[in-house]
Amino acid sequence: MSDATKDESRPGDGTRVVRAGLPEPVKHEPTLPGPVFAAHFHLPGEVTGPYSYGRDDNPTWTLLERAVSELEAPGREDAETLVFASGMAAISAVLFSQLRAGDAVVLPSDGYQVLPLVGAQLEAYGIEVRTAPTGGDAQLEVLDGARLLWIESPSNPGLDVCDIRRLAEAAHARGALVAVDNTLATPLGQRPLELGADFSVASGTKQLTGHGDVLLGYVTGRDAETMAAVRRWRKIVGAISGPMEAWLAHRSIATLHLRVDRQNATALAVAQALRQRPEVSDLRYPGLADDPSHKIASQQMRRYGCVVSFTLPTRARAERFLAALHLVEDATSFGGVRSTAERRRRWGGDAVPEGFIRMSVGAEDPEDLVADVLRALDESAG
Ligand SMILES: *Cc1c(COP(=O)(O)O)cnc(C)c1O
């Protein structure tokens, strides 16, 4: 793990997450005020903010947005976060608010499986969509004349990593904006704004909230000016989070540090156990010292995530393996406290082999989980 997990200039991550976004204490009030359910707020006379109508703003969002800003952009007073109904709502908000007909955008060719659908929609609106793989900083080669560079690092599900600082500098030199999908890393694993990005965008559905019971997304932008169009987009489209979801997310962030450290350490243990197995190929975990992503990851990430990917020889073998697991649910998504795994090819979207498994490592005891995985590999043989 990179030595950057300890940051001398501010309190540790555990201290920061339990306090993130909390209001000043008020006698007889709870530490984290409950969800505010309101479609409209009392508003006599002139229309003044902050709270007028529930699609524009909500006090429960405000606290969560402050929490995310403190984690994504500590010490940067200008940074601004907006929460959304889902990760896709947040991603779409950046892409559709920043791009106009005639612009060009660079997307990763190996990113989240809904990105190609977004790309097709952008093309329908007259935007030129270019794609290149995450690995090898290949997006550099198609940057000329682009208005926006979209980075996903580590990429999902392939776990390739690109040099965010290098790509951001090259994009800015050409006048392009830079957005990074920070879902897999979480803000405790990587802080894209410090690496030069204009936007850090994520699905809060995954490890940020970590219990598999909330859909959420957010955009953290460099400053209010950069975020103005994103805010306007949220108002136009109305892709807003319910107050209950926002409150659950804020409550869950208090344990982010505990979950991330536990899950990521166990992910490394699982990866180390898998690499001993002859039937496992193309094992990927950016935290493994000999992983192709490790060198750049260790320079820009503070933690390497809870996702491990690998390939079993055939589809049948992969299906038998998944069925034989007791502690790992066959389910999509990742980042939750209960381990999940799936044969990614079943969705049809990603360009991965039939036996490709994406495993999300949960908060179970590492010995139990490793034993379960090894036993399921044995039982699924032959
Ligand atoms: C899940 C995911 C998304 C989409 O998030 P939702 O909350 O499901 O809309 C976007 N990017 C990545 C990398 C993801 O894993």
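Calculation criteria
Residues numbered from 1 in each chain as written. Predicted model: local features only at pLDDT ≥ 70, side-chain atom pairs only at ≥ 80, totals over all residues. Heavy atoms only, no water. UniProt positions renumbered as here; feature names shortened; annotations may be inferred. Helix = DSSP H or I, 4+ residues; strand = E, 2+ residues; numbered from the N terminus. Buried < 20%, exposed > 50% of the residue type's maximum accessible area, 1.4 Å probe, protein only. Areas by Shrake-Rupley, 256 points an atom, 1.4 Å probe, with all protein chains shown as cover. Lys, Arg positive; Asp, Glu negative; His and termini not counted. Charge placed at Lys NZ, Arg CZ, Asp CG, Glu CD. Near = heavy atom within 4 Å. Polar contact = N/O pair within 3.5 Å; in protein donor to acceptor, adjacent residues only side chain to side chain. Nonpolar A, V, L, I, M, F, W, Y, C, P; charged D, E, K, R; others polar. Pairing = 2+ DSSP bridges. Axes fitted to C-alpha atoms, helices over the stretch in contact; angles between N-to-C directions. Contact = heavy atoms within 4.5 Å. Salt bridge = Lys/Arg side-chain N within 4 Å of Asp/Glu carboxyl O. Parallel < 35°, antiparallel > 145°, perpendicular 65-115°, else oblique. Left-handed = near helix turned anticlockwise from the far one by under 90°. Core = buried A, V, L, I, M, F, W, Y, C linked by side-chain atoms within 4.5 Å. Phe/Tyr/Trp six-rings, centres within 6.5 Å; stacked < 30°, edge-to-face > 60°. Lys NZ or Arg CZ within 6 Å of the ring centre and 35° of its normal.

The protein appears in an unreviewed UniProt entry as Methionine gamma-lyase from Streptomyces cyanogenus. We quote the UniProt Sequence similarities (unreviewed entry) comment for the protein here in full: "Belongs to the trans-sulfuration enzymes family." Under the Cofactor (unreviewed entry) heading, UniProt states for the protein: "pyridoxal 5'-phosphate".

**Q** Whenever I open this one, the overall build of the protein confuses me. Can you help?
**A** What the protein contains, in helices and strands, is 11 helices and 12 strands. Projected onto the principal axes, the alpha-carbon positions of the protein cover approximately 75 × 55 × 40 Å. Looking at the protein as a whole, 55% of its 382 residues are labelled buried. Accessible surface, the protein as shown: approximately 16,200 Å² in total, 53% of it carbon and sulfur. The average position of the 40 basic charges and that of the 51 acidic charges among the side chains of the protein differ by 1 Å.

**Q** Is there a simple way to explain the site of the ligand in this structure?
**A** Near the ligand, the surroundings consist of 14 residues, among which M88, D181, S203, T205 and K206 are the closest. At 2.7 Å, a side-chain N or O of K206 approaches an oxygen atom of the ligand. Protein contacts shield 94% of the accessible area of the ligand, which totals 380 Å² for the unbound molecule. Counting residues per element, the shell around the ligand draws most heavily on helix 3 (residues 87–98), which supplies 3 residues. Looking at the shell around the ligand residue by residue, the classes come out as 5 nonpolar, 6 polar and 3 charged.

**Q** Got a minute to help me understand the sheet that holds strand 3 (residues 128–132) in this structure?
**A** Strands pair in a sheet through their backbones, by hydrogen bonds, and they do so in one of two ways: parallel or antiparallel. Read from one edge to the other, the open sheet built from 7 strands follows the order 1-7-6-5-4-2-3, with strand pairing classed as mixed. Since the sheet does not close on itself, it has two edges, and those belong to strand 1 (80–84) and strand 3, each with one partner. Across this sheet, the average inter-strand angle for adjacent strands is 20°, counted without regard to direction. Where strand 2 (residues 104–108) and strand 3 come together, 5 bridges link them in parallel fashion. When the bridges of strand 3 are listed, V105 appears paired with V129. Strands in contact with helix 3 are strand 1, strand 2, strand 4 (148–152), strand 5 (177–181), strand 6 (199–203) and strand 7 (217–221); relative to strand 6, the strand with the most contacts, it is inclined by about 150°. Helix 4 (residues 115–124) contacts strand 2, strand 3 and strand 4 of the sheet and is inclined by roughly 170° relative to strand 2.

**Q** Which parts of the structure should I look at to understand the pattern of salt bridges?
**A** Pairing is possible between side chains of opposite charge, provided their charged atoms come close. On inspection of all chains with the given rule, the structure shows 31 salt bridges. Of the charged contacts, one joins R303 and D13 as a salt bridge, the two residues approaching to 2.8 Å between their closest N and O atoms. A residue pair is termed long-range when its members are at least 10 positions apart, and R303 in the loop between helix 9 (294–300) and strand 9 (307–311) and D13 in helix 1 (residues 13–19) qualify at 290 residues. A relative accessible area of 3% means that R303 is categorised as buried. The buried category is assigned to D13, whose relative accessible area is 5%. Between E319 and R343 there is a salt bridge; the shortest N-O distance is 3.6 Å. A residue pair is termed long-range when its members are at least 10 positions apart, and E319 in helix 10 (residues 315–324) and R343 in strand 11 (residues 340–343) qualify at 24 residues. Since its relative accessible area comes to 36%, E319 is described here as partly exposed.

**Q** Can you help me understand the packing of helix 3 against helix 4 in this one?
**A** Each pair of packed helices can be described by the angle between their axes along with the distance between the axes. Following both chains from N to C, one finds helix 3 and helix 4 inclined at 30°, their axes separated by 12 Å at the closest point. One finds that helix 3 runs roughly parallel with respect to helix 4. Considering how the two elements wind past one another, helix 3 and helix 4 form a crossing that is right-handed. Only L115, V118, Q121 and L122 of helix 4 make contact with helix 3, whose side of the interface consists of M88, I91, L95 and F96. Considering only residue class, the contact of helix 3 with helix 4 consists of 7 nonpolar, 1 polar and no charged.

**Q** Explain the pairing of strand 9 to me, please; I cannot follow it from the model alone.
**A** Regular strands show a simple pattern: their side chains alternate between the two faces of the sheet. Among the 5 residues that make up strand 9, 5 are buried, leaving the element largely enclosed by the rest of the structure. Side chains V307, S309 and T311 of strand 9 all project onto a buried face; the interleaved residues V308 and F310 project onto the opposite face, where all are buried too. As paired strands, strand 8 (residues 281–284) and strand 9 are joined by 2 bridges and run antiparallel to one another. Bridge assignment links S281 to a residue of strand 9, and that residue is T311. Note that strand 9 and strand 12 (residues 356–360) share 5 bridges and pair antiparallel. From the neighbouring strand, F310 faces strand 12, where its bridge partner is I357.

**Q** Is there a simple way to explain the sheet that holds strand 10 (residues 329–330) in this structure?
**A** The strand order 8-9-12-11-10 describes an open sheet built from 5 strands, whose pairing is mixed. Edge positions in the sheet fall to strand 8 and strand 10, since each of these pairs with one other strand and no more. Across the sheet, helix 8 (residues 256–274) lies against strand 8, strand 9 and strand 12, angled at about 15° from strand 9, the strand it touches most.

**Q** Just checking my understanding: could you explain the nonpolar core for this structure?
**A** Formed by 32 residues in total, the largest nonpolar core has its most connected members in L274, V308, F310, L312, F321, I357 and M359. For L274, the contacting residues outside a window of four places in its chain are V280, L283, V308, F310, V373 and L377.

**Q** Can you walk me through the packing of aromatic side chains in this structure?
**A** Centre distance and the angle of the planes are the two values used to describe a pair of aromatic rings. A full pass over the atoms with the stated rule returns 4 aromatic pairs. Pairing F96 with W233 gives two aromatic rings, centres 5.8 Å apart and planes at 15°, and the pair type is stacked. Taken together, the positions of F96 in helix 3 and W233 in helix 6 (residues 224–237) put the pair 137 residues apart, joining distant regions of the chain. The interplanar angle of 75° and the centroid separation of 6.0 Å between the aromatic rings of F310 and F321 together place this pair among those described as edge-to-face. In this pair, F310 sits in strand 9 while F321 sits in helix 10, placing the two residues 11 residues apart along the sequence. Overall, F310 belongs to the buried group, its relative accessible area being 0%. Taken together, the ring pairs connect F96, Y125 and W233 into an aromatic cluster. The ring of F84 has R234 sitting right over it, with the charged end atom 5.9 Å from the ring centre.

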